[in-house]
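# Report on the structure
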Amino acid sequence: EWVDLVEIMENLVRNTSLQAKEKGLDIQLNIRDELPLILGDGLRMEQIFMNLLTNAIRYTNKGKIVIDLQRVADRHVLVSMEDTGIGIPQEELKHIFERFYRVEKSRSRQYGGTGLGLAIVKQLVELHGGQIQVHSQSGTGTRFEVRFPMDPVKEEGRK
Ligand code: ATP
Ligand code: MG
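The sections below set out a description of the structure shown in this document. (Residues numbered from 1 in each chain as written. Chains lettered and ligands numbered in written order. Predicted model: local features only at pLDDT ≥ 70, side-chain atom pairs only at ≥ 80, totals over all residues. Heavy atoms only, no water.)

### Comments concerning the overall build of the protein chain
Within the protein chain, the secondary structure is distributed over 4 helices and 8 strands. Relative to a compact globule of 159 residues, whose C-alpha radius of gyration would be 15 Å, the protein chain shows 15 Å and is just as compact. Projecting the C-alpha coordinates of the protein chain onto the three principal axes gives extents of approximately 50 × 30 × 25 Å. Relative to its 159 residues, the protein chain shows a buried fraction of 45%. Considering only contacts in the protein chain between residues 6 or more positions apart, those separated by 24 or more positions represent 69%. Taken as two groups, the 22 positive and 23 negative side-chain charges of the protein chain have centres that lie 6 Å from each other. (Helix = DSSP H or I, 4+ residues; strand = E, 2+ residues; numbered from the N terminus. Rg over C-alpha atoms; globule rule 2.2 N^0.38 Å. Buried < 20%, exposed > 50% of the residue type's maximum accessible area, 1.4 Å probe, protein only. Contact = heavy atoms within 4.5 Å. Lys, Arg positive; Asp, Glu negative; His and termini not counted. Charge placed at Lys NZ, Arg CZ, Asp CG, Glu CD.)

### As for the side chain of Thr-142
Position of Thr-142 relative to the elements: it lies in strand 7 (residues 141–149). Classification of Thr-142 by relative accessible area gives buried; the value is 6%. Here the side chain of Thr-142 touches Ser-136 through a polar contact of 2.8 Å, side chain to side chain. Every residue in contact with Thr-142, bar those within four places of it in the chain, is listed here: Met-81, Glu-82, Asp-83, Gly-87, Ile-88, Val-134, His-135 and Ser-136. (Polar contact = N/O pair within 3.5 Å; in protein donor to acceptor, adjacent residues only side chain to side chain.)

### Thoughts on the sheet that holds strand 4 (residues 64–72)
One open sheet holds the 5 strands; their spatial order is 2-4-5-7-6, and the pairing between them is mixed. At either margin of the open sheet sits one strand with a lone partner, and together these are strand 2 (26–31) and strand 6 (131–137). The sheet shows a mean angle of 15 degrees between the axes of neighbouring strands, direction not considered. Relative to strand 4, strand 2 runs parallel, the two being bridged by 6 bridges. Across the sheet, the residue bridging to Leu-29 is Ile-67, located in strand 4. Sheet strands in contact with helix 1 (residues 5–22) are strand 2, strand 4, strand 5 (76–83) and strand 7, and its direction is about 170 degrees off that of strand 2. (Pairing = 2+ DSSP bridges. Axes fitted to C-alpha atoms, helices over the stretch in contact; angles between N-to-C directions.)

### Description of the pattern of salt bridges
Scanning the entire structure with this criterion turns up 7 salt bridges. Among the ionic pairs, Arg-143 bridges to Glu-145, the shortest N-O distance being 2.8 Å. Taking the relative accessible area as the measure of exposure, Arg-143 reaches 23% and is therefore partly exposed. In this structure, Glu-145 and Arg-147 form a salt bridge, with 3.3 Å as the shortest nitrogen-oxygen distance. Each member of the salt-bridge network shares a partner with another, and the members are Glu-82, Arg-143, Glu-145 and Arg-147. (Salt bridge = Lys/Arg side-chain N within 4 Å of Asp/Glu carboxyl O.)

### Here we look at helix 1
The end-to-end C-alpha separation of helix 1 is 26 Å, in line with the 26 Å expected for 18 residues at 1.5 Å each. Every buried residue of helix 1 is accounted for by Leu-5, Val-6, Ile-8, Met-9, Leu-12, Val-13, Thr-16 and Ala-20. The N-terminus of helix 1 is capped by Asp-4, whose side-chain oxygen sits 3.0 Å from the backbone nitrogen of Val-6. Note on helix 1: the residue one or two positions beyond its end, Gly-24, has a positive phi of about 75 degrees. (Expected span 1.5 Å × (residues − 1).)

### Some words on the environment of Phe-97
If you trace the backbone, Phe-97 turns up in the loop between strand 5 and helix 3 (105–111). A residue is classified by how much of its surface remains accessible, and Phe-97, at 18% relative accessible area, is buried. Between the C-alpha atom of Phe-97 and that of Ile-132, which follows or precedes it by 35 residues, the distance is 9.8 Å. When residues no more than four places from it in sequence are discounted, the contact partners of Phe-97 are Leu-118, Ala-119, Lys-122, Ile-132, Val-134 and Phe-144.

Structure follows, in C-alpha cells:
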C-alpha cells in the first residue's frame, strides 16, 4: 500500500502530545519538502516511529523533540528525530539495536522497558529497504535518522 509518512507523523505527534506536555517537552514536526508516498506497510511504518518517539519522550527530561521530514536528492525520504535527552554513551551506541540491550542497569530500573523496541525498529526499517542511523552524546541528546528509498514512489496523491 502507498503510505503517507506526513499523515503518520502528524497522527503520532497528536497522540503523544499529552504525554510530552506532562513532562514539559515540546514536539516540533517540520515538513521540509513535498514528500512522495512510499510503498510499504502503514501499520509497521507507524510502529517504527511510535517506538522512536516514545523512546525520545521517555529518555528526555527537559527540552524538546524535533522531527524533520525531507527528501534527499530525490533518492531518499529522510525522517530525523532529535531529542535533548540523556543521550547514549559512545561505547554503547553500537549495541542499542540488539534484542534486549538496554543502556546501564540503573537507567533501566529508572525508565522501565524491555530493550526490544529498537531491535524491532531496525528490522521494520530494513524490511522496507531503508536504513537507520543514530548519533548521540551522553547528557546532550540523541538523533535518529531513518531513510527510505524513493523507488518505487508515487508523487501524486497527497497535496
Ligand atoms: P522497550 O522499547 O522495549 O520498551 P527500551 O526503550 O529500553 O525498551 P529500546 O527502545 O530498544 O529499549 O532502546 C534500547 C536502549 O537504548 C534503551 O534502554 C535506552 O537506554 C537507549 N535509548 C533508546 N532511545 C533513546 C533516546 N532517544 N535517548 C536516550 N537513550 C535511548
Ligand atoms: Mg524503547
